[in-house]
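# Structure at a glance
One-letter residues, chain by chain:
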6 protein chains.
Amino acid sequence: MDVITIGESMVLFTPDSTGPMRYANQFSMKFGGAESNVAIGLTRLGHKSGWISKVGNDEFGKGMVSFINGEGVDVSQVSVDSEAPTGIYFKEPRRANDTRVYYYRKGSAASRLSKDDLNPDYFQHAKYLHITGITPALSETAREAVFEAIKLAKQHNVPIVFDPNLRTKLWSEEEARKTLLAIAREADIVLPGIAEGKFIFGESDPARLGELFLNQGASVVILKDGARGAYYFTAEQNGRVPGFPVEQVVDPVGAGDGFAAGFLSGLLDGLDLSKAVERANAVGALVTMVSGDVEGLPDKEEIEAFMNQTNEDVIR
Amino acid sequence: MDVITIGESMVLFTPDSTGPMRYANQFSMKFGGAESNVAIGLTRLGHKSGWISKVGNDEFGKGMVSFINGEGVDVSQVSVDSEAPTGIYFKEPRRANDTRVYYYRKGSAASRLSKDDLNPDYFQHAKYLHITGITPALSETAREAVFEAIKLAKQHNVPIVFDPNLRTKLWSEEEARKTLLAIAREADIVLPGIAEGKFIFGESDPARLGELFLNQGASVVILKDGARGAYYFTAEQNGRVPGFPVEQVVDPVGAGDGFAAGFLSGLLDGLDLSKAVERANAVGALVTMVSGDVEGLPDKEEIEAFMNQTNEDVIR
Amino acid sequence: MDVITIGESMVLFTPDSTGPMRYANQFSMKFGGAESNVAIGLTRLGHKSGWISKVGNDEFGKGMVSFINGEGVDVSQVSVDSEAPTGIYFKEPRRANDTRVYYYRKGSAASRLSKDDLNPDYFQHAKYLHITGITPALSETAREAVFEAIKLAKQHNVPIVFDPNLRTKLWSEEEARKTLLAIAREADIVLPGIAEGKFIFGESDPARLGELFLNQGASVVILKDGARGAYYFTAEQNGRVPGFPVEQVVDPVGAGDGFAAGFLSGLLDGLDLSKAVERANAVGALVTMVSGDVEGLPDKEEIEAFMNQTNEDVIR
Amino acid sequence: MDVITIGESMVLFTPDSTGPMRYANQFSMKFGGAESNVAIGLTRLGHKSGWISKVGNDEFGKGMVSFINGEGVDVSQVSVDSEAPTGIYFKEPRRANDTRVYYYRKGSAASRLSKDDLNPDYFQHAKYLHITGITPALSETAREAVFEAIKLAKQHNVPIVFDPNLRTKLWSEEEARKTLLAIAREADIVLPGIAEGKFIFGESDPARLGELFLNQGASVVILKDGARGAYYFTAEQNGRVPGFPVEQVVDPVGAGDGFAAGFLSGLLDGLDLSKAVERANAVGALVTMVSGDVEGLPDKEEIEAFMNQTNEDVIR
Amino acid sequence: MDVITIGESMVLFTPDSTGPMRYANQFSMKFGGAESNVAIGLTRLGHKSGWISKVGNDEFGKGMVSFINGEGVDVSQVSVDSEAPTGIYFKEPRRANDTRVYYYRKGSAASRLSKDDLNPDYFQHAKYLHITGITPALSETAREAVFEAIKLAKQHNVPIVFDPNLRTKLWSEEEARKTLLAIAREADIVLPGIAEGKFIFGESDPARLGELFLNQGASVVILKDGARGAYYFTAEQNGRVPGFPVEQVVDPVGAGDGFAAGFLSGLLDGLDLSKAVERANAVGALVTMVSGDVEGLPDKEEIEAFMNQTNEDVIR
Amino acid sequence: MDVITIGESMVLFTPDSTGPMRYANQFSMKFGGAESNVAIGLTRLGHKSGWISKVGNDEFGKGMVSFINGEGVDVSQVSVDSEAPTGIYFKEPRRANDTRVYYYRKGSAASRLSKDDLNPDYFQHAKYLHITGITPALSETAREAVFEAIKLAKQHNVPIVFDPNLRTKLWSEEEARKTLLAIAREADIVLPGIAEGKFIFGESDPARLGELFLNQGASVVILKDGARGAYYFTAEQNGRVPGFPVEQVVDPVGAGDGFAAGFLSGLLDGLDLSKAVERANAVGALVTMVSGDVEGLPDKEEIEAFMNQTNEDVIR
């Protein structure tokens, strides 16, 4: 397994029309979750990924596991919880530049993930463990599972990649700050956005943030700056890689997950740090051009075409 | 106010296609809840009804209150809870004769209804208090609210109409049996189905069930027998009123609420018991012929046309 | 031209869901009108038909003429009226056996049809003139146009086929009765339904109705009895042809027009009266099995397959 | 009641696809009308509004009154006319910058509004009477009703707010010009667009137009300049308030009604004239960002967030 | 692997409306193919199945493999052909009892299956090889691949299950008859329908057909009689198992594949022949109650509930 | 007939959502083909056009011929081939600036067009013969038909208009280059795009390309430069006509066909070359603003309004 990850995925309902959701009549069903988005992004680019999770014994859980399995992600570590439902959420495209999210995930099957759901053997041959800041926000047991996963990874010398993914709707700011920082301290690679850096350290300056994250113990820090691109920092080098121009943002959700998948794919393919960040930027950009969290994730051929494009309108 | 009622309404999502919901792509949004269904059924038939409830401070809550208000129901007693979401549920028309329901209502705004949400003045001029067995299943505080409502009704000599509406997904059988029986003992009119009667008393014989419910203290017992019709029992009289033939059941959900609305409408209009039950049967039948909980509820003109119909195919 | 006809067609909007239309969200657009339905039914069966009408200078008019022209009907006699809109109507499938229709046709372009819109040459080579009782109900000028068309037909010895198509929403009962009777007196072939016969003569008995219509001057009377079939009467013979069984009526509207097209097609193909009525029954039955007024109209191959079917479920 | 208004609302059908409507297959149903749009805009912002109107005794009328009532507008002054249908219209988004509207409102129920439909008591406690130039264009009786409403308002010292809303499809230019001017002379506040000012006075210069309208007797003149903002004029002061930038205009219809609602809301909340105009601009801008006439109307919280926005892309 | 199968799957487009497809506007996309339907039916019931096939290097091929993989079928033996497209077909629900199919599969990727696509090792541990009469009709090379698969199966003592699946659109009757018979002679278990038996042997009598098929060499013959059930024949025993009543056939396509999956599942679970046929009947019945080829395939729990059902209307 | 043309039209399926088509659920059906697009463009602008083609004996063929006939194009020269299906294709709007097309046209009915399908009389009164480079790519017989059509045109002194319409998916580059050049040599008017010019001559400079095409024998060369406009060249004059600004390209497919229709319409109306090119640019621009190949084609009134527009947002 190239990358293993742990977290909740949910059924995503999006109204067919823009505007306040109370006026919507039709919703379409998709699936999404930061960690499975990353796992799918990786298989799309030719890597092997595995997703540790839990779903309810219901239609939504069955559909979601089929979908993620169909995308080539190993779902052998997904268990079924008969006592709790699969989480769902709604994405309201209220108007340009105002997208809102409504969760129905409290007490969901995945929030009942615990240490006991981890299979130590599964960590043995992984090349990376991907962790987000969402899973520890789900519940006390989920938080324990995250730290247990970190422990298992360390036992097998699996480097830990941490994407804070701050979700203030899920926990108190204080608890969030404390936990995200605690995980950042265990991580080998951290992938915060600037706003997340500011949330944790009260600091917005990229260079200063890079230093602060490195000081926690990470050997690589990638600081995301939205459509503008990203910064990278290690003990030896740092730099900034500009983002790719996007003609029209169709759906901004999932861009960060695409970024993480693109970046890890770059590392797995042996790219330089700056080249890996460039690929990360490109994947992130492509994700925003298509509705849905994972639908826009490119395969190898597509990412290369996009990165080399002359931006001519193409009809093939 | 002719009838006041108390309970949770939810946003209802139904897939556009029949079959296991995991394969659905499009869902349509409607609103439903046993108590507001009854309230709407009553306004449709020309009566005044009020609905005591709680919704989340979210799009779904806003949409639901607008919808129910728009139907003419008094929503002055609906409060907004900023801490909890509006409940939702999914109705899966799996195949003919197999409809399934999935709730996301645990911890919902309406489950946080409590005694404090009751305005004693509101009970003063009501002609009936309508109670279902769903509300006490929502939470401890909701159960207390139901018994407080009963107390307030009794203070003002408002007769209590009780529809058990057994929901085994919401509580343990034991707790359900105990509570439903406790409410039945307070009620003036009870509207159980035969299966509910069996659940409570372990008895299926209509005549025997009628007697058992009367013995708890109710003065009127209406025992529903699905499409076949209903039995009625009082100290003085009893009888059976056959149901109306339904060419095609489009959506069986909401028939019982339509029955309750039709029955109460009959009482409010001064009909004989058997005539009120006949109207109840007719409303219940009409509800099943249209998709949605309330969409098929008839107005005065429509219920009369249906009850007098010659069953000729009509194109007007 | 085998058959020419004159009348209004309208844009038809049908909600995607069954039930009271106030709850509908999506409507689909089709086109329909008794006379153009008959004209299309005839081209489908291999005959040449022409439709005299008027549409507004608007998108609906353009779309409708394209559609009817595309079906092979001659539209050279359709004029465009810049002063009035194309008529529209809504079909509400309220529930099984209760379909309602709402017109927005008052003052429509077609209601402004007048004698001046008739091209005398067009009547010269027609084999039949088809007239319905709808056109004279549209307006005073439209009524005059109908009687002028009758006059022109008579001048060229074109037999007149009259389908009463009673629409009580469009005119007073008295005016309707008087006018329908006046046209029936001019017609060579009349195609009333039993209810229409009763409306005109206050008589329901098929044999008696046949006689009454023959007495007005028609040489052929076909009395339609819905799904049960039809009766035929001439001076020499009469009989009854049973209808074809229809597994499921999807949309009853348009059946009568299909009947007329099937019957005229039978005459044009030189069938016996009873065989022509049998084909009429078959076309009428097929129309009800598909949504829309004309979508279910069969071509030659299909009508034969249907009339000879063994009723086995076929997957081709 | 803070604001009462009088006018027609219609059912609005919009095709799901852009382009000439003849090619559309699916239409969605909404409700709209300048006056009820304003009334809804006001309730959304926390004020009390009432709408005087008439609908047909049909599904569309029932659905429309439920919708507007559900939005919190007082509909006690809406009567039902069994003789005429509820008006409908089609909005064709033909292509960017070319939206067309097709009315089916001639002879509609609301066009039959008359003086007799006005309840003098209803004017007694209103803070403003809102009048548009559409209602007097509907029919002779509707025009009389408008002038009667003005008379009643003046009797109770209710200031009159007039939005010309020129609709050249509904009446002759001459009649329109004469009547709009006559109403402008009765109004305390007038809200014309520059093009409307030019239509009435043949003058395009904002300053000159402000003067001309003030000269008719109004104490406040707000001159709308589309997305660019608006000018205000009183005897004492005048100025210009720039509009808010809109990233993408989704549906321009209803912007003027939002402007009126925002402006009246500002007055009711005791804002300065320039601040009220600023709010008006903001509401107008928000309406254009969502499909439908009223769906984009903001509530208090939303208007404030929009006016203070940093324009960062927000995912909540 | 419990069962391996070989054949073409296609993208299936179905119009959203019933009637001649020329009038359809919207089509929905699903996936289907007799062999993958059987493979999915088996995984749904808890068995391991593998599907040997070929798809184009296109969106349809990618989507189809993801879907079938997501259903738990082993797709390791599916190759991608860059020279030819994935096949597609249209299913036209023309009216009740008249469903038509239109193929675009000539020269498809799967029609280019050949002996070289078979991995001999894959046959080693299979418990059954499932073969249909469709694959040999695709092309000369596909026919060779079928006979090679039979050879490989025999080498490893894997019993061969043959479902004739006659498709007269794909080849000449003569060629079909000859080849189906040739395969039947190699098969251990044959699953013909009565019409197929008649096609091959010119004989309709069930008992006689059973004998004829047994005489070719099969040890088990299951003769399908549509909704009426099926006959079974071996050297030692024979009998008839009646079908399950189906309230409403929603989509008849796929019933035979469900039958095969149910039957093989029964054998794998060690059921008696008659019990395996009963399960086959049940799966076939369930498939027809849901739109799509595989959507109605039951899991273990569902098939048991259905076979034991009391046929009460259930709302869970 | 003003213009006759010869070629294949296909049924076009477009997913309702943007992104990789494997995730699409709903597709809408339209019709398109370069030559019939031009024919429709011409009738829309008031000219008479005829389309020579072949369709399958299937629903798609019937629907397509009805549609094109309904648009006013003469379809008397369209034959039905019972041996081959009507071609179809899919248009995948993958993301902004990346539209892909998937054909299912190999062996289609239209690819079986041959010399024998040409009716010499049909060429007698045509004013122009329109030929594209697609038809000769369909098959050997289709290529022969094209050259036969050219021969027939020359016999009757009908000028030949050639639009290369290079489709590299349909034939080898070498074959394409050779054939396109051969046709260009026969043409009186050629309408290449700059990229096509480069493909044929290996040259991108407009002036040089104009010269090269003129040298082949054409008397008029129009060189299309996308949204930027077009160049024109004759022996006597040359120039460049800038394109019209397009606010938002909704669907780029069909723009070239609109250009050809606009240009030919200009010639037929006796416009100057530069004015005809200006109209061509305008039609091409309008086509891209609406989804579908022909839906955006303007009529006379619309093209004039567009060419004279002040670009103000219009709501009519």
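Residues numbered from 1 in each chain as written. Chains lettered and ligands numbered in written order. Predicted model: local features only at pLDDT ≥ 70, side-chain atom pairs only at ≥ 80, totals over all residues. Heavy atoms only, no water.

In the nomenclature of an unreviewed UniProt entry, chain A is known as Carbohydrate kinase PfkB domain-containing protein of Jeotgalibacillus soli. In the Sequence similarities (unreviewed entry) part of its UniProt record, chain A is described as follows: "Belongs to the carbohydrate kinase PfkB family." (UniProt positions renumbered as here; feature names shortened; annotations may be inferred.)

## Digging into the overall build of chain A
In terms of regular secondary structure, chain A is built from 10 helices and 14 strands. Relative to the 2.2 N^0.38 estimate, which gives 20 Å for 316 residues, the radius of gyration of chain A is 18 Å and therefore close to what a compact globule would have. If you line up chain A on its principal axes, its C-alpha atoms span 50 × 50 × 35 Å. Considering chain A as a whole, with its 316 residues, one finds that 64% of them fall into the buried category. Long-range pairs, those at least 24 residues apart, make up 70% of the contacts in chain A between residues at least 6 apart in sequence. Of the roughly 11400 Å² of accessible surface on chain A, 45% is carried by carbon and sulfur atoms. With 32 positive and 44 negative side-chain charges, chain A shows a spacing of 4 Å between the two charge centroids. (Helix = DSSP H or I, 4+ residues; strand = E, 2+ residues; numbered from the N terminus. Rg over C-alpha atoms; globule rule 2.2 N^0.38 Å. Buried < 20%, exposed > 50% of the residue type's maximum accessible area, 1.4 Å probe, protein only. Contact = heavy atoms within 4.5 Å. Areas by Shrake-Rupley, 256 points an atom, 1.4 Å probe, with all protein chains shown as cover. Lys, Arg positive; Asp, Glu negative; His and termini not counted. Charge placed at Lys NZ, Arg CZ, Asp CG, Glu CD.)

## Let's talk about the interface of chain A and chain B
Contact residues are listed per partner, giving 24 residues for chain A and 24 residues for chain B. When chain A packs against chain B, the two sides together hide about 2100 Å² of surface, and 60% of this comes from carbon and sulfur. Ranking the residues of chain A by area buried against chain B places Arg22(A), Glu59(A) and Tyr104(A) at the top, with a combined share of 34%. For the interface between chain A and chain B, the tally reads four salt bridges. For the pair chain A and chain B, the interface holds 11 residue pairs in polar contact (both at pLDDT 80 or more). (Buried area = accessible area lost by both parts, 1.4 Å probe. Salt bridge = Lys/Arg side-chain N within 4 Å of Asp/Glu carboxyl O. Polar contact = N/O pair within 3.5 Å; in protein donor to acceptor, adjacent residues only side chain to side chain.)

## Quick word on the pairing of strand S12 (residues 229-234) of chain F
Residues and elements named next belong to chain F. Among the six residues in S12, six count as buried, and that is most of the element. Residue alternation in S12 divides its side chains into two sets, Gly229, Tyr231 and Phe233 and Ala230, Tyr232 and Thr234, and both sets are buried. The pairing of strand S11 (residues 220-224) with S12 spans five bridges and is antiparallel. Each bridged residue has a counterpart across the sheet, and for Val220 the counterpart in S12 is Thr234. If you look at the hairpin formed by S11 and S12, you'll find four residues sitting between the two strands, and Gly226 has a positive phi there, around 60 degrees. Pairing of S12 with strand S13 (residues 238-242), which is carried by five bridges, proceeds in the antiparallel orientation. Residue pairing across strands places Gly229 opposite Pro242, the latter belonging to S13. (Pairing = 2+ DSSP bridges.)

## So, the sheet that holds strand S10 (residues 189-190) of chain F
Residue and element names in this part refer to chain F. Ordered in space as S5-S4-S1-S8-S9-S10-S11-S12-S13, the nine strands form an open sheet in which the pairing is mixed. Unpaired on one side and paired on the other, strand S5 (78-81) and S13 mark the two borders of the sheet. Strand contacts of helix H2 (residues 59-70): strand S4 (49-56) and S5, with the helix running at about 170 degrees to S4, the strand carrying the most contacts. (Axes fitted to C-alpha atoms, helices over the stretch in contact; angles between N-to-C directions.)

## Points about the environment of Ile160(C)
Residues and elements named next belong to chain C. Note on placement: Ile160 falls in strand S9 (residues 160-163). When its relative accessible area of 0% is taken as the criterion, Ile160 is described as buried. If near-sequence neighbours (up to four positions away) are discounted, Ile160 is found in contact with Leu129, Ile131, Ile150, Ala153, Lys154, Glu186, Ala187, Asp188 and Ile189.

## Structural notes on the interface of chain C and chain E
At the interface, 17 residues of chain C touch 17 residues of chain E. Surface buried jointly by chain C and chain E totals about 1600 Å² across both partners, of which 48% is contributed by carbon and sulfur atoms. A salt bridge links Arg94(E) to Glu302(C), with the shortest nitrogen-to-oxygen separation between them at 2.5 Å. Between chain C and chain E we count four residue pairs in polar contact (both at pLDDT 80 or more) in total. Those elements that place two or more of their residues in the side of chain C that touches chain E are helix H10 (300-307) and strand S14 (314-315) of chain C.

## Examining the packing of aromatic side chains
This structure, assessed with the given rule, holds 81 aromatic pairs over all chains. Consider the rings of Tyr231(A) and Phe233(A), whose centres lie 6.4 Å apart with planes at 15 degrees: the pair is stacked. Grouped by ring-pair contacts, the aromatic residues Phe13(A), Phe27(A), Phe60(A), Phe90(A), Tyr104(A), Phe13(B), Phe27(B), Phe60(B), Phe90(B) and Tyr104(B) constitute a single cluster. Over the aromatic face of Tyr103(D) sits the side chain of Arg105(D), whose NZ or CZ is 4.6 Å from the ring centroid. (Phe/Tyr/Trp six-rings, centres within 6.5 Å; stacked < 30°, edge-to-face > 60°. Lys NZ or Arg CZ within 6 Å of the ring centre and 35° of its normal.)

## Some thoughts on the UniProt feature "domain: Carbohydrate kinase PfkB" (unreviewed entry) in chain A
Cross-referencing UniProt, the feature "domain: Carbohydrate kinase PfkB" (unreviewed entry) maps to residues 3-299 of chain A in the present numbering. Helix and strand shares over residues 3-299 of chain A are 36% and 24% respectively, and the end C-alpha atoms of the span are 17 Å apart.

## Remarks on the relation of the copies chain A and chain B
At an RMSD of 0.0 Å, chain A and chain B line up after a rotation of 180 degrees and a shift of 0.0 Å along the axis. Taken together, the rotation angle and the small translation identify this as a two-fold axis. Of every C-alpha in chain A, the one belonging to Phe27(A) sits nearest the axis of rotation, 2.5 Å from it. Most of the interface of chain A is mirrored in chain B, where 100% of its interface residues are also at the interface. (Least-squares fit on C-alpha atoms with pLDDT ≥ 70 in both.)

## Re helix H9 (residues 273-288) of chain E
Given a rise of 1.5 Å per residue, 16 residues ought to cover 22 Å, and the 23 Å separating the end C-alpha atoms of H9(E) matches this to within 8%. Counting buried residues along H9(E), 13 of its 16 residues qualify, which places the element largely inside the surrounding structure. (Expected span 1.5 Å × (residues − 1).)

## Quick look at the packing of helix H5 (residues 173-186) of chain D against helix H6 (residues 194-201) of chain D
Residues and elements named next belong to chain D. Running from amino to carboxyl end, H5 crosses H6 at an angle of 105 degrees, the nearest separation of the two axes being 9 Å. Our classification of the angle between H5 and H6 gives roughly perpendicular. Two secondary-structure elements touch here, H5 through Glu173, Ala176, Arg177, Leu180 and Leu181 and H6 through Phe199, Ile200 and Phe201. Residue composition of the contact of H5 with H6, grouped by class: six nonpolar, no polar and two charged. (Parallel < 35°, antiparallel > 145°, perpendicular 65-115°, else oblique. Nonpolar A, V, L, I, M, F, W, Y, C, P; charged D, E, K, R; others polar.)

## Side note on the pattern of salt bridges
Residues and elements named next belong to chain B. On inspection of all chains with the given rule, the structure shows 156 salt bridges over all chains. A salt bridge links Arg143 to Glu175, with the shortest nitrogen-to-oxygen separation between them at 3.1 Å. Of this pair, Arg143 sits in helix H4 (residues 140-155) while Glu175 sits in helix H5 (residues 173-186); the two residues are 32 residues apart in sequence, bridging distant segments of the chain. Under the relative-accessibility criterion, Arg143 is labelled buried at 13%.

## Focus: the relation of the copies chain C and chain E
Note on the identical chains: chain C maps onto chain E by a rotation of 120 degrees and an axial translation of 0.1 Å, with an RMSD of 0.0 Å. One copy is carried onto the other by what is essentially a three-fold rotation axis. An asymmetric contact is evident, with only 6% of the interface residues of chain C recurring at the interface of chain E.

## Quick word on unusual backbone geometry
Residues other than glycine seldom take positive phi values, yet Asn165(B) does so here, at roughly 45 degrees. Here Asn165(B) lies in the loop between strand S9 (160-163) and H5. Here Asn165(B) falls in the buried class, since its relative accessible area comes to 8%. With phi around 60 degrees, Asn157(F) is a residue other than glycine that occupies positive phi space. Counting through the fold element by element, Asn157(F) comes out in the loop between helix H4 (140-155) and strand S9 (160-163). Note on Asn157(F): relative accessible area 69%, which makes it exposed.

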